[in-house]
Structures are given as C-alpha cells and as structure tokens.
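These are the residues of each chain, in order.
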Amino acid sequence: MERMAIPVKDAVQLVMDHSKKRLDKEVIPLQAAYGRILVEPIIAKHDVPPFNRSAYDGFAIRAEDSAQVTTDNPVAFRVIGEIGAGHVGEQELQTGEAYRIMTGAILPPKADAIIMLEDTTETADGFSITKVFQSGDNISFQGEDAKEGEILIEAGSVIHPGTIALLATFGYAKVQVATIPKVSLVSTGTELLGVDEDLVPGKIRNSNGPMLQGQLDRMGVTYQSLGTMEDDLDACTVLITEALEQSDLVITTGGVSVGDYDYLPEIYRRLGAKVLFNKVMMRPGSVTTVAVLGNKLLFGLSGNPSACFTGFELFTRPAILAMMGCTTPYMPRMKAVLGGDFPKSNPFTRFVRAIWYMNGNVATVVPAGFNKSNAVSSIARGNGIIVFPADSSGFQTGMEVDVLLLGQEIGTKTWDL
Ligand code: AMP
Ligand code: MG
C-alpha cells in the first residue's frame, strides 16, 4: 500500500474522529473509582460545609460582647461548656458567655465569632481577651466551599484522589463511570523472547509488551495480553482476528515497516480494515499505522521501543480516554528551557524522551540520553517528551522548547502543538 506521510496533528485528529464516546456506563464502588471517567457531573447535593463551623480550636462568643475591649481593658468570658468536632452545643449564649470549641465543630446558638486559643488568657472560670472580634471571625461558613446545586466537576473528568474526596463528601458510595474499552495487546517479531527467557544469538526480550501494559496500567485501563507472535503472516492474521473479536481496540507492536517480514499492512488488507494512516511526519515512529474495522481500532505501533512508547502516548492513550468520554484526553504541555544543545536538524516533528526539572525557578529540560527510535534506556529515564517542530534545525542550550508531560492525571482538552 502506498505510504503518504501526514502531519502529526492530522494523524491525531483522524484517530480522535474515530474514537467517539461510547455510551456504556457502569456503577462501581467509590474505592474502585481511581482513574475512571465520570459519566455524570458532580453536583453539590448539599452545601459544603453543611453548617457554620469553627475554623480553629478556641472559643465561640457573641462578637458584640468584645466590642468594648482594648489592650488596657480586657474583657472576661465565662465558659459554659465544650463542643468537640461532631458534637452540638445546645445552650444559647448569653452576654459574657462562651463555649470552648474545637475545629470543625458546629457553632452554638447565638455565637458568631471564634477566638483562637492563642488570643486568650486563662481565668478561673474562663478566659479574657484584649482585642475586639468581628462577627464572622474564624468561622468556616456554610456553603463557602460549594453551594447546593452547583455543578462542581463536569462529566468526562478523570477521577483522581481529589475527585474521590468530593464524591465521598456527597455520599457517593457508588459512582457511575464509563466502561473501559476492551483492549488486547500483541507483540510481533520472531526475534522476541519472553521476559523470563535467556538471551540467545539474534534474539531480544520483548520489552514493548510489558511497557505497553505499564502505560495502560498508568491510565487504569485493563487489557488482555496475547503475548508474542512470530512473523508468520497466517498465524498473525489468526491471532489478530481473534483479538479483534474480543476487543474494542487491538494494539500491536512491530511489523508495520517495509521489511520482508512486516506483515501488519497485509493483515489489515486481509481483515478489510480501513487504514487511517500508515506514515506520520514524526520521529520516532513514522511508520505508526492506525486502522479501523467497524468501530474497532487497530493501533499498529512500531517495534522500536521509543517509537512504540511515543506512538502509544500520542495516539492510543487519547483515543482510549476519548472513547470513555474523557474531555481532557491529551498530555499537558509546558514551555521549558533547553539544558543542553540538541544539534540534530528536524525534518519531521521530533519527540525526544526527556527529563524536566526546575533549575532555580526556571523550568529546564534535557534529553534523557541515547535517543534513537530503538532506544529503551532513555524511556526509562524520561518524565516528559520534548517536541522539536518540523523543519527546525539545531537547538542550543537556553532556547525555549515545548515539553509534553507524562503521567499526569488531568490532561488538556485540545491538542495544540
Ligand atoms: P519492527 O517494527 O518489527 O520492524 O521492529 C523494529 C525494531 O524493534 C527491531 O529492531 C525489533 O527487533 C525491535 N522490536 C520489535 N518488537 C519489539 C519488542 N516487542 N520489544 C523490543 N524490541 C522490539
Ligand atoms: Mg518486526
């Protein structure tokens, strides 16, 4: 099949056009919700906090009782009881009375200010103060965090620990989330050994399979791994056909180049899958191929580890997230200053595994080492990916570049590179 290279942005768009939201949803326990996608917005079921409460450990008073206080004229309060968090003080405060109160405790009737413990001097039956307090001082007001009925988090958001806290606040012991698309993984290559096998001449261990499993684990997506398959056209066709029957999405690595044993293009042809693209104007991973069959997606990632890794992050990850209705499927991006020279010219968009860090208060990024498409060591070191634009030549230390951030829970809504 003819190969026509298309820009990365167009390739991402093509994949996303075929990764529209699936409507399936399921109800799961809150404890199992990390990483899942919300199918309903989180709407405040009640005010947060649900009542006026003390922001500190101290004393609850009527602010007006402190009106005459000066440094020379301290005013004393009589303590009539104590309210720990979770308890209620029933008595209405009279002039000169106070409740001892703890952080988070509901204010007693008539109290409208909290005095911090540090601002008081102990007396026989209570305490005295030397400054005036205003109504509302040191109070967490009902509804100051969220008002009943307010839309707090939109549908399509990734559930992270903060989301879990909010769901728990409103009593969601169970959560409605998007179902996870069924994903199958196949590593192709006659040279591939299992992780537990000893090296023999000409063979290497399959690192892409476990790497992709890790990339899926990181996004909370379950999968079935169909292991490795040698470069045998018929056997590969059978395996991928089976994988497709059981999945919404099949990820393969290897076999998409133009070598004698690169059978994926022929397999797509045999399956009658429509190839969306089979060449992308990027390094590494220019041979990344994506095909569709019905509403199923086939990701033909390169066998070269760095290319495979990058292809997954650029195309597969946002596609899976979008299928689940995630509204922020793309890796976030930032600007950083190059901490070293990068003399290579970039005829195509170049994605370089990189390490970003703060140098003083300057976001700085350096390539993570050996960065050919067959590199595996730099993937292990990187926490981001530098993007050198197409048609650019040589970058020097101090120049500003784009960095895609790996492993972030919350992505961005648009692909804007
Ligand atoms: P291919 O895409 O099949 O042409 O493979 C490109 C390069 O990646 C070759 O050097 C392969 O040996 C290597 N490779 C292919 N699959 C894997 C894999 N699963 N793990 C590690 N390296 C691989
Ligand atoms: Mg191969």
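For the structure itself, look to the data block above.
Residues numbered from 1 in each chain as written. Chains lettered and ligands numbered in written order. Predicted model: local features only at pLDDT ≥ 70, side-chain atom pairs only at ≥ 80, totals over all residues. Heavy atoms only, no water.

A. How the structure looks around the pairing of strand β25 (residues 384–388). Most of β25 sits inside the fold, with 5 of its 5 residues counted as buried. Of the two faces of β25, the one carrying Gly 384, Ile 386 and Phe 388 and the one carrying Ile 385 and Val 387 are both buried. Note that strand β23 (residues 349–359) and β25 share 5 bridges and pair antiparallel. The residue of β25 that forms the bridge with Ala 354 is Gly 384. (Buried < 20%, exposed > 50% of the residue type's maximum accessible area, 1.4 Å probe, protein only. Helix = DSSP H or I, 4+ residues; strand = E, 2+ residues; numbered from the N terminus. Pairing = 2+ DSSP bridges.)

B. How the structure looks around the pattern of salt bridges. One pass over the full model with this rule turns up 15 salt bridges. The residue Glu 313 makes a salt bridge to Arg 218 at a minimum N-O spacing of 3.4 Å. In this pair, Glu 313 sits in helix α6 (residues 305–323) while Arg 218 sits in helix α3 (residues 208–218), placing the two residues 95 residues apart along the sequence. Judged by relative accessible area, Glu 313 falls into the buried class, the value being 3%. (Salt bridge = Lys/Arg side-chain N within 4 Å of Asp/Glu carboxyl O.)

C. The arrangement of helix α4 (residues 233–246) in detail. For α4, spanning 14 residues, the distance from its first C-alpha to its last is 20 Å, which sits close to the expected 20 Å at 1.5 Å a residue. Among the residues of α4, those classed as buried are Leu 233, Cys 236, Thr 237, Leu 239, Ile 240, Ala 243 and Leu 244. On its buried face, α4 sits against β13 (183–188), β16 (224–229), β17 (249–253), α5 (264–271), β20 (289–293) and β21 (296–301). Two or three places before Asp 234, at the opening of α4, Asp 232 has a side-chain oxygen 3.1 Å from that residue's backbone nitrogen. (Expected span 1.5 Å × (residues − 1). Contact = heavy atoms within 4.5 Å. Polar contact = N/O pair within 3.5 Å; in protein donor to acceptor, adjacent residues only side chain to side chain.)

D. Spatial organisation of the site of ligand 1. Neighbouring ligand 1 are 16 residues; Glu 191, Asn 206, Ser 207, Gly 255 and Gly 303 lie closest to it. In the model, a nitrogen atom of ligand 1 is placed 3.1 Å from a nitrogen or oxygen of the Ser 207 main chain. Asn 304 has a polar backbone atom sitting 3.3 Å from an oxygen atom of ligand 1. For ligand 1, whose unbound accessible area comes to 490 Å², protein coverage reaches 78%. Residue composition of the shell around ligand 1, by class: 2 nonpolar, 11 polar and 3 charged. (Near = heavy atom within 4 Å. Areas by Shrake-Rupley, 256 points an atom, 1.4 Å probe, with all protein chains shown as cover. Nonpolar A, V, L, I, M, F, W, Y, C, P; charged D, E, K, R; others polar.)

E. Summary view of the sheet that holds β16. Strand order across the open sheet formed by 6 strands is β16-β13-β17-β21-β20-β18, with mixed pairing between neighbours. Two strands close off the open sheet at either side, each with one partner strand: β16 and β18 (274–277). Sheet twist, expressed as the average angle between the axes of neighbouring strands with direction ignored, equals 20°. The pairing of β20 with β21 spans 5 bridges and is antiparallel. Note that in β21 the partner of Ala 291 across the bridge is Leu 298. Of the strands in this sheet, β18, β20 and β21 are in contact with helix α1 (residues 8–17), which crosses β18 at around 145°. Those strands touched by α6 are β13, β17, β18 and β21, and its axis lies near 170° from that of β21. (Axes fitted to C-alpha atoms, helices over the stretch in contact; angles between N-to-C directions.)

F. Region of interest: the sheet that holds strand β6 (residues 97–101). Strands sit in the order β7-β4-β6-β5-β9-β8 across an open sheet of 6 strands; the sheet is mixed. The open sheet has two edge strands with one neighbour each: β7 (113–116) and β8 (121–122). As defined by bridge partners, β8 adjoins strand β9 (residues 126–129) across 2 bridges and the pair is classed as antiparallel. Residue Thr 121 lies in a different strand from β9, and its bridge partner there is Ser 128.

G. Structural context of the environment of Leu 244. Secondary-structure assignment places Leu 244 in helix α4. A C-alpha to C-alpha distance of 7.5 Å links Leu 244 and Lys 296, two positions 52 residues apart in sequence. Other than its neighbours up to four places away in sequence, Leu 244 contacts Val 250, Leu 271, Leu 293, Lys 296 and Leu 298.

H. Main features of the packing of aromatic side chains. Under the definition given, this model contains 7 aromatic pairs. Considering the side-chain rings of Phe 59 and Phe 127, the 4.0 Å spacing of their centres and the 25° angle between planes classify their relative orientation as stacked. Of the two residues, Phe 59 is situated in strand β4 (residues 58–61) and Phe 127 in strand β9; the sequence distance between them amounts to 68 residues. Considered together, Phe 59 and Phe 127 belong to a single accessibility category, that of buried residues. Centroid distance Phe 277 to Phe 315: 5.6 Å. Interplanar angle 50°. Geometry classified as tilted. A residue pair is termed long-range when its members are at least 10 positions apart, and Phe 277 in strand β18 and Phe 315 in helix α6 qualify at 38 residues. Since its relative accessible area comes to 3%, Phe 277 is described here as buried. (Phe/Tyr/Trp six-rings, centres within 6.5 Å; stacked < 30°, edge-to-face > 60°.)

This is a description of form; function is not addressed.
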